[in-house]
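Listed below, chain by chain, are the residues.
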Amino acid sequence: MPTSSASTPESAKASGGGGVQSLERAFDLLERMADAGGEVGLSELSATSGLPLPTIHRLMRTLVACGYVRQQPNRRYALGPRLIRLGESASRLLGTWARPYLARLVEETGETANMALLDGDEIVYVAQVPSKHSMRMFTEVGRRVLPHSTGVGKALLSAVPDGEVRALLGRTGMPAATDRTITTPEGFLEALAEVRRQGYAVDDNEQEIGVRCLAVCVPDSPTAAAISISGPAGRVTEDATEKIVPVLQQVAIELSRSLASSGA
């Protein structure tokens, strides 16, 4: 039987609208699971999302079938392994978008520029553009480090509530990379308060003797990200810091705008 031209668009609209709403809800549940540490129960998701249990159960069944969520033996739900591939690809792409901005940092400061993310309890470097100096810093893209001894770690954790920072430090410990590394939660929280006050973070010989690093967060980044410059302590002096930090902050703002306009 022929379908009237008036009914077809309305039917498609209703179907499409429901599909979009389900998609939005599914992504919201994944975000809530990540915020909860990666594993939750249905009742917790219902309480935080406001969605009825039948709706959550239906969405979770679909996510489990697709591999994005898995059900634990205790009947709680955890983020699934298929998300790892998406996350790794997104991290590489984020690093690719950042490279022109890191290259500008190198041009204007003369030092190696980096981009890093907070992944779980660790810092992972996703992009780097090396300095043109013969003596320069090098951090392998993909390298993972603990946040307490790095400038990017301080910058990223400065946006995290102190209680959550304490919990993270309790899980990772605070091993000393050098004799300048902060190794107590109280000392680290004081350092984060200083980061919030001055608007940038410093790694002063804390990860490696002879190296200083300056870092700032990328505001409103789709995932928590920071950019930094690192170089020999003899070049990244206090006087140099006064000139470098405004450049870092401006490039972070421009990178944030670029990520927003690209829909990243």
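In the block above lies the structure referred to throughout.
About the criteria used
Residues numbered from 1 in each chain as written. Predicted model: local features only at pLDDT ≥ 70, side-chain atom pairs only at ≥ 80, totals over all residues. Heavy atoms only, no water. Pairing = 2+ DSSP bridges. Helix = DSSP H or I, 4+ residues; strand = E, 2+ residues; numbered from the N terminus. Buried < 20%, exposed > 50% of the residue type's maximum accessible area, 1.4 Å probe, protein only. Salt bridge = Lys/Arg side-chain N within 4 Å of Asp/Glu carboxyl O.

(A) Representation of the sheet that holds strand E6 (residues 144-145) in the model. The six strands are arranged E6-E5-E4-E9-E8-E7 in an open sheet whose pairing can be described as antiparallel. Edge positions in the open sheet fall to E6 and strand E7 (201-204), since each of these has one partner strand only. Here strand E5 (residues 122-129) pairs with E6 via two bridges, running antiparallel. Of the residues in E6, the one forming a bridge with Val-124 is Arg-144.

(B) Expanded view of unusual backbone geometry. Its identity is not glycine, yet Arg-75 carries a phi of approximately 75°, on the positive side. Mapping Arg-75 onto the fold places it in the loop between strand E2 (69-71) and strand E3 (77-79). Of note in the backbone geometry, Asp-220 takes a positive phi value of approximately 60° without being a glycine. On the basis of relative accessible area, Asp-220 is assigned to the exposed category, the value being 76%.

(C) Layout of the pattern of salt bridges. If you walk through the whole model with that rule in mind, you get 17 salt bridges. Of the charged contacts, one joins Glu-238 and Arg-212 as a salt bridge, the two residues approaching to 3.3 Å between their closest N and O atoms. Of the two residues, Glu-238 is situated in helix H8 (residues 238-262) and Arg-212 in strand E8 (residues 211-217); the sequence distance between them amounts to 26 residues. Its relative accessible area of 52% is what places Glu-238 among the exposed residues. Each of Arg-180, Asp-204, Arg-212 and Glu-238 takes part in one network of salt bridges that share partners.

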